[in-house]
Amino acid sequence: MSAEYELARVESVRLLRDPALSVALAATAWWVMATHRSSAHQTTYLLLIGYSLMLPGFVMVVHTILSTLRSRIEHTDELMNVLPVGRDRRTVSHALSAAAGVMLGAATILATYVILRPAASIGSGDNSIPPTIDIPRPNLAQLLQGPIAILAVLAFVVALTRWVPTWLVILPLAVLLLVQGVFLGLWFAVPSGNATWWFPLGTGVVHGEWIGCGETDRVCDLPVSGFDQTTPWWHLAYLISVAVTSVVIAVLRHRRDRSTWFWFVVSLASVVTLAIVQLAVSVEYAPVSALP
């Protein structure tokens, strides 16, 4: 086994043994069970497409930042430099350890699926226009979205931490998590659009802006024109490309030979291409009539 994989195995074990991750998984289990008891259709859909991994995912982000900075925090960079495994290979190991997060995420989604047991039609929308719109069971691409999003995010975190070596990068990442979790997910505060697929988790819900919701309004409803189950397949490829590009960018911090630059150009081109493809194939919102 190469040094990269051996170091990745060690980092993976450290990640899975993090007590904070156990707490986050327990909180997620409570959320899933509460949703199962209440039969909240919209929340069921969101949990299955990856939002059940939001809290564990953030813990993994924090753990990855601190593990990538470990030698710097402990002032052992000089000692590590005498090892036959250079910084570039250690960086690759940190990125490869994201595989543990992917497997844990997949197990969490599988457990969520077994507990919630979604039918082909999960149910009608909550506070939606029209109120009878059916919420479809997420397809395979949407079920895989959460674990693959963890791969992309953790790889990005390794790259960011290598180029900006400070734990303060947690702060902007926490803001991005808030945007993803609240404004693009749980509250649907931002109307669906092509650019929303550039974030890790795409809901696939094709919707407009909330109608009413003021103190004097009689209604507070979200107009929904359908569910996009085609773009999620392209989105998986996009997330994988982001992960590969992030690893290459992280390696560029230490090594800038011709091979690394080649992979940087190829991987970045794939990210840009898939981002454009998502713009082209995603379903656009078609306005529906508001309630009287």
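Before reading on, note that the structure itself is shown above.
Source: prediction; values computed, not measured. Here the residue numbers are simple positions, counted from 1 along each chain's written sequence. With pLDDT at 70 or above as the cut-off, local features in this predicted model cover only qualifying residues; side-chain atom pairs require 80 or more to be listed or tallied, and sums for whole chains, interfaces and linings still use all residues. Each side-chain value is worked out from all heavy atoms of the structure, with water and hydrogens disregarded.

A run of DSSP states H or I qualifies as a helix once it reaches four residues; a run of E qualifies as a strand once it reaches two. Both are numbered from the N-terminal end. Helix and strand counts for the protein come out as 12 helices and 6 strands. Rg of the C-alpha trace for the protein: 21 Å, near the compact-globule value of 19 Å for 292 residues, within the 12% margin. Here the C-alpha coordinates of the protein stretch approximately 75 × 40 × 35 Å along the principal axes. Within the protein, buried positions represent 44% of all 292 residues. Contact criterion: two residues are considered in contact whenever any of their non-hydrogen atoms come within 4.5 Å of each other. For the protein, long-range pairs separated by at least 24 residues make up 74% of all intrachain contacts whose partners lie at least 6 apart in sequence. Every accessible area reported is derived by Shrake-Rupley at a probe size of 1.4 Å, with residue values counting cover from the shown protein chains alone. As displayed, the protein has an accessible area near 14,700 Å², and 68% of this comes from carbon and sulfur atoms. We compute the radius of gyration over the C-alpha atoms and compare it with the globule rule, which gives 2.2 Å times the number of residues raised to the power 0.38. Relative accessibility decides the category of a residue: with a 1.4 Å probe and only protein chains considered, values under 20% of the type maximum give buried, values over 50% give exposed, and everything between is partly exposed.

This part covers the packing of aromatic side chains. Classification of ring pairs rests on two measures: the distance between centres of Phe, Tyr or Trp rings, Trp counted by its six-membered ring, which must be within 6.5 Å, and the angle between planes, read as stacked under 30 degrees, edge-to-face over 60 and tilted in between. Throughout the structure, instances matching the rule amount to 3 aromatic pairs. Two conditions define a charge sitting above a ring: the NZ of Lys or the CZ of Arg must be within 6 Å of the ring centre, and it must be within 35 degrees of the ring normal. Above the plane of the ring of tryptophan 163 lies arginine 253, whose end atom (NZ or CZ) is 5.4 Å from the centre.

A separate point is the side chain of threonine 108. Position of threonine 108 among the secondary structure elements: in helix α8 (residues 98–116). Residue threonine 108 is classed as buried on the basis of its relative accessible area of 12%.

As a further point, take unusual backbone geometry. One non-glycine residue with positive phi stands out, namely arginine 117, at about 45 degrees. Along the chain, arginine 117 turns up in the loop between α8 and β1 (121–124). Residue class for arginine 117 comes out exposed when judged on its relative accessible area of 59%. Despite not being glycine, phenylalanine 188 shows a phi value in the positive range, around 50 degrees.

Here, a salt bridge means any side-chain nitrogen of Lys or Arg that lies within 4 Å of a carboxyl oxygen of Asp or Glu. Applying the stated criterion across every chain, the model contains 4 salt bridges. Notably, a salt bridge pairs glutamate 6 with arginine 9, separated by 2.6 Å at the nearest N-O pair. With glutamate 6 and arginine 9 both in helix α1 (residues 3–16) and 3 residues apart, this pair spans about one turn of that helix. Arginine 9 gets classed as partly exposed once you look at its relative accessible area, which sits at 44%. Here arginine 255 ties to aspartate 257 by a salt bridge, and the two come within 3.3 Å at their closest N and O atoms. In this structure, a network of salt bridges that share partners links the residues Glu11, Arg14 and Arg70.

Let us now look at helix α10 (residues 170–186). Taken residue by residue, α10 has Ile170, Leu173, Gln180, Gly181, Val182, Leu184 and Gly185 as its buried positions. Looking at the buried positions of α10, the neighbouring elements they touch are α3 (41–48), α4 (54–68) and α9 (140–163). Just beyond α10, the residue with positive phi is phenylalanine 188, at close to 50 degrees.

With that out of the way, let us pick up α4. The length a helix should cover is 1.5 Å for every residue beyond the first. Across its 15 residues, α4 extends 21 Å between first and last C-alpha, which sits within 8% of the 21 Å expected from 1.5 Å per residue. Among the 15 residues in α4, 11 count as buried, and that is most of the element. Within α4, the full set of buried residues consists of Met54, Pro56, Gly57, Val59, Met60, Val61, His63, Thr64, Ile65, Ser67 and Thr68.

Quick look at the packing of helix α2 (residues 19–38) against α8 now. If you want to describe how two helices pack, look at the angle between their axes and the distance between the axes. At a minimum axis distance of 10 Å, the contact between α2 and α8 shows a crossing angle of 20 degrees. Relative to α8, the element α2 lies roughly parallel. Handedness of the crossing formed by α2 with α8: right-handed. Between α2 and α8, the residues in contact are Leu21, Leu25, Thr28, Val32, Met33, Thr35 and His36 and Leu104, Thr108, Thr112, Ile115 and Leu116, respectively. Under the scheme applied, nonpolar residues are Ala, Val, Leu, Ile, Met, Phe, Trp, Tyr, Cys and Pro; charged residues are Asp, Glu, Lys and Arg; polar residues are all the others, including Gly. Residues belonging to the contact of α2 with α8 are distributed by class as follows: 7 nonpolar, 5 polar and no charged. Geometry is summarised by axes, namely lines fitted to C-alpha atoms with helices restricted to the contacting stretch, and by angles between N-to-C directions that run from 0 to 180 degrees. Small angles under 35 degrees read as roughly parallel and large ones over 145 as roughly antiparallel, with 65 to 115 read as roughly perpendicular and the rest as oblique. Two helices that cross are described as forming a left-handed crossing if the nearer one is turned anticlockwise from the farther one by less than a right angle, and a right-handed crossing if clockwise.

Let us look at the packing of helix α11 (residues 231–252) against helix α12 (residues 258–281). At a minimum axis separation of 8 Å, α11 and α12 run at an interaxial angle of 155 degrees. In terms of their interaxial angle, α11 and α12 are classed as roughly antiparallel. Crossing of α11 against α12: the hand is left-handed. Residue classes in the contact of α11 with α12 are distributed as 18 nonpolar, 8 polar and no charged.

Among the surface-exposed residues, Leu66, Trp167, Leu168 and Leu171 lie close enough to one another that they form a single nonpolar patch of about 410 Å² accessible area. Along the chain, leucine 168 turns up in the loop between α9 and α10. Of the residues examined, leucine 168 reaches a relative accessible area of 42% and is grouped as partly exposed. Exposure above 30% relative accessible area and the lack of any salt bridge qualify a residue for a patch; like charges then connect within 9 Å, and the nonpolar side chains Val, Leu, Ile, Met, Phe, Trp and Tyr within 5 Å.

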